[in-house]
Amino acid sequence: QAFEELSGIHRHVALQHAGDIGQQAGLAAKQAAAEVSSSSGPAPAGSVDGLHGHSHGSPEVSCALPDTSHVSYDDLTSKVGEVLLYYCYCEVKDPEKLCAWQKALCQHLHLTGKVRVASEGINGTVGGSKVATNLYIEVMLSQPLFKGILCQEDFKSSAGGAHCFPDLRVGVFREIVPMGIDPKIVSYKETGIHLSPQEFHREVEQYLSQANQGQSNTILLDCRNFYESKIGHFQGCLAPDIRKFSYFPSYIDENLELFKDKRVLMYCTGGIRCERGSAYLRSKAVCREVYQLKGGIHKYLEEFPDGFYRGKLFVFDDRYAICSNEDIISACRYCGTLWDQYKLCSSQHCRQLVLTCPSCRNKGLTACCPVCQEKELKVTSRASGQTLKEECECTRRRPRVPIERVSQRMLDAGKD
């Protein structure tokens with residue numbers, strides 16, 4: 001069978017050959033865990049699977065793997081499951097060791113996804129069967145490193161499974177969310193005031209009421225990227241037209257006057273970008289107050305599926321979006337009909353997402369812009385292996401960091 005992309009191979013293997021590679025994956029997990037254990041010295045008696053680790057300083061990192069002997073292979077690898085989203089800011093003395101344990105743990109439970117480890121904590125999005133994700137949460141909550149910091153409600157879940165990710169990626173990074181600012185300079189310990197979904201809902205309600213009367217001194221700030229806010233956002237929000245979160249600090253710097261003496265309500269997908277984003281905004285000492293939505297949009301939609309958030313919630317896996325209401329607030333890039341299902345640009349030299357409805361796709365309109373569309377036609381009509389310059393009209397026309405010149409658009413948006 002031929003595949004156009006590497007991700008297609010991963011999906012095919014996950015769906016069709018899970019049983020064939022199950023035993024090999026289990027062996028790999030045990031080998032990885034054994035390596036972690038051996039690097040930490042002899043394991044103490046009574047540890048699960050004979051695995052425990054020690055790190056200098058406190059608290060220690062436990063490298064235990066859960067006992068899965070009572071769980072059937074079919075239950076552990078069921079395609080019907082969920083995707084977990086979580087993060088935990090804490091001091092990690094040995095990120096490499098925590099990373100090795102995470103990799104062994106996810107392999108042991110047949111989880112796929114992405115896990116970022118750093119000296120400032122851990123950030124993960126993993127998918128698997130319900131049995132596997134439950135065991136994962138149980139082990140994470142029992143990890144001494146996260147005791148008293150990570151709790152059950154910190155795990156945001158949505159329908160999905162291991163098939164939502166092409167593979168498992170676990171690594172050590174400088175930051176657990178890539179903002180591009182040294183954590184020692186702008187720390188998660190200097191965040192804004194956390195608001196529960198109920199408190200945030202009341203704040204947004206008050207903000208929209210005041211905005212309609214032209215009396216608001218509050219900014220409702222979306223900390224996500226433009227392609228996320230395009231398919232779903234809070235009414236009346238200011239959604240920066242930035243492609244990456246690492247552009248967020250520059251956006252704040254270029255628009256600092258906009259935030260002067262304002263109350264700022266910040267939100268993002270699961271809360272983690274607000275932790276660093278609010279800390280950076282507070283470091284500028286221009287706002288009256290800075291608040292952030294605890295648990296992000298995920299937790300808000302659990303309590304207010306028909307609240308002030310309209311449209312879909314963008315997620316960073318093969319689903320691209322999950323929904324809590326039937327609203328569609330975006331349109332097809334070509335014909336303008338209501339549409340909010342993303343696809344990757346068909347040009348192999350572009351990784352941008354495009355909103356193109358089935359009708360337009362059937363006409364061959366599958367790229368994000370005319371430049372990429374023409375490039376794709378050249379590739380398909382000529383010999384494979386041709387190298388083309390990596391350029392895109394979407395990127396060329398969009399300023400890297402937009403400057404907000406009029407605040408009236410926020411007030412107008414609140415009247416939607």
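Check the entry above for the structure.
Analysis parameters
- Residues numbered from 1 in each chain as written.
- Predicted model: local features only at pLDDT ≥ 70, side-chain atom pairs only at ≥ 80, totals over all residues.
- Heavy atoms only, no water.
- Helix = DSSP H or I, 4+ residues; strand = E, 2+ residues; numbered from the N terminus.
- Buried < 20%, exposed > 50% of the residue type's maximum accessible area, 1.4 Å probe, protein only.
- Contact = heavy atoms within 4.5 Å.
- Areas by Shrake-Rupley, 256 points an atom, 1.4 Å probe, with all protein chains shown as cover.
- Salt bridge = Lys/Arg side-chain N within 4 Å of Asp/Glu carboxyl O.
- Expected span 1.5 Å × (residues − 1).
- Axes fitted to C-alpha atoms, helices over the stretch in contact; angles between N-to-C directions.
- Parallel < 35°, antiparallel > 145°, perpendicular 65-115°, else oblique.
- Left-handed = near helix turned anticlockwise from the far one by under 90°.
- Polar contact = N/O pair within 3.5 Å; in protein donor to acceptor, adjacent residues only side chain to side chain.
- Core = buried A, V, L, I, M, F, W, Y, C linked by side-chain atoms within 4.5 Å.
- Domains from an automatic or database assignment.
- Pairing = 2+ DSSP bridges.

Draft legend 1. Quick peek at the overall build of the protein chain. Secondary structure assignment for the protein chain yields 14 helices and 15 strands. The buried share of the protein chain, reckoned over its 416 residues, is 50%. The contacts of the protein chain with a sequence gap of at least 6 include a subset with a gap of at least 24, amounting to 69%. Accessible area of the protein chain: about 20000 Å², with a carbon and sulfur share of 50%.

Draft legend 2. Representation of the pattern of salt bridges within the structure. Counted by the stated rule, this structure contains 15 salt bridges. Among the salt bridges present, the one from Glu203 reaches Arg263, with a minimum N-O distance of 3.2 Å. Separated by 60 residues along the polypeptide, Glu203 in helix 6 (residues 197-212) and Arg263 in strand 9 (residues 263-267) bring together distant segments of the chain. The same class applies to Glu203 and to Arg263, which are both buried. Arg319 serves as the salt-bridge partner of Asp317, at 2.8 Å between the closest nitrogen and oxygen. Asp317 gets classed as buried once you look at its relative accessible area, which sits at 7%. In this structure, a network of salt bridges that share partners links the residues Glu120, Glu175 and Arg276.

Draft legend 3. Examining helix 4 (residues 95-108) more closely. With 14 residues, helix 4 should reach 20 Å at 1.5 Å per residue; the first-to-last C-alpha distance of 20 Å fits that figure. Along helix 4, 10 of the 14 residues are buried, which leaves the element largely enclosed by surrounding structure. Taken residue by residue, helix 4 has Pro95, Lys97, Leu98, Cys99, Trp101, Gln102, Ala104, Leu105, Cys106 and His108 as its buried positions.

Draft legend 4. Structural view of the packing of helix 4 against helix 5 (residues 130-142). At a closest axis distance of 11 Å, the pairing of helix 4 and helix 5 adopts a crossing angle of 155 degrees. On the basis of their axis angle, the class for helix 4 and helix 5 is roughly antiparallel. Helix-helix and strand crossings are classified by hand; for helix 4 and helix 5 the assignment is right-handed. Counted together, Trp101, Gln102, Leu105 and Cys106 of helix 4 and Tyr136, Val139 and Met140 of helix 5 form the full contact between these two elements.

Draft legend 5. Summary view of the environment of Thr112. With respect to the helices, strands and loops of the structure, Thr112 is situated in strand 2 (residues 112-118). Among the residues examined, Thr112 registers a relative accessible area of 15% and is labelled buried. For the pair Thr112 and Gly128, spaced 16 residues apart in sequence, the C-alpha to C-alpha distance is 6.7 Å. Polar contacts involving the side chain of Thr112 include one to the main-chain carbonyl oxygen of Ala162, which spans 2.7 Å.

Draft legend 6. Here's a closer look at the nonpolar core. Leu221, Phe248, Phe259, Met266 and Leu281 are the most contacted members of the largest nonpolar core, which has 33 residues in total. Of all the secondary structure elements, the ones that give two or more residues to this core are strand 1 (81-89), strand 7 (218-222), helix 8 (248-254), strand 9 and helix 9 (272-283). Mapping this core onto the domain boundaries places at least three of its residues in each of domain 1 (73-172) and domain 2 (193-322). Those residues in contact with Met266 that lie beyond four places of it in its chain are Phe200, Leu221, Cys223, Phe248, Cys274, Gly277, Ser278, Leu281, Val290, Tyr291, Gln292 and Leu293. Membership of the second largest hydrophobic core comes to 32 residues, among which are Cys63, Leu98, Ala104 and Leu150.

Draft legend 7. Inspection of the sheet that holds strand 2 at higher detail. Spatially, 4-1-3-2-5 is the arrangement adopted by the five strands of the open sheet, whose pairing is mixed. Both outer strands of the open sheet, strand 4 (156-160) and strand 5 (168-172), are each paired with one neighbouring strand and no more. The sheet shows a mean angle of 10 degrees between the axes of neighbouring strands, taken without regard to direction. Of the strand pairs in this sheet, strand 2 and strand 3 (residues 121-129) are connected by seven bridges, and their pairing is antiparallel. Within strand 3, the residue paired with Ala118 across the bridge is Gly121. Against the sheet, helix 5 touches strand 1 and strand 3, its axis set at about 15 degrees to strand 1. Along the sheet, helix 9 contacts strand 1 and strand 3; its crossing angle with strand 1, the most-contacted strand, is approximately 25 degrees.

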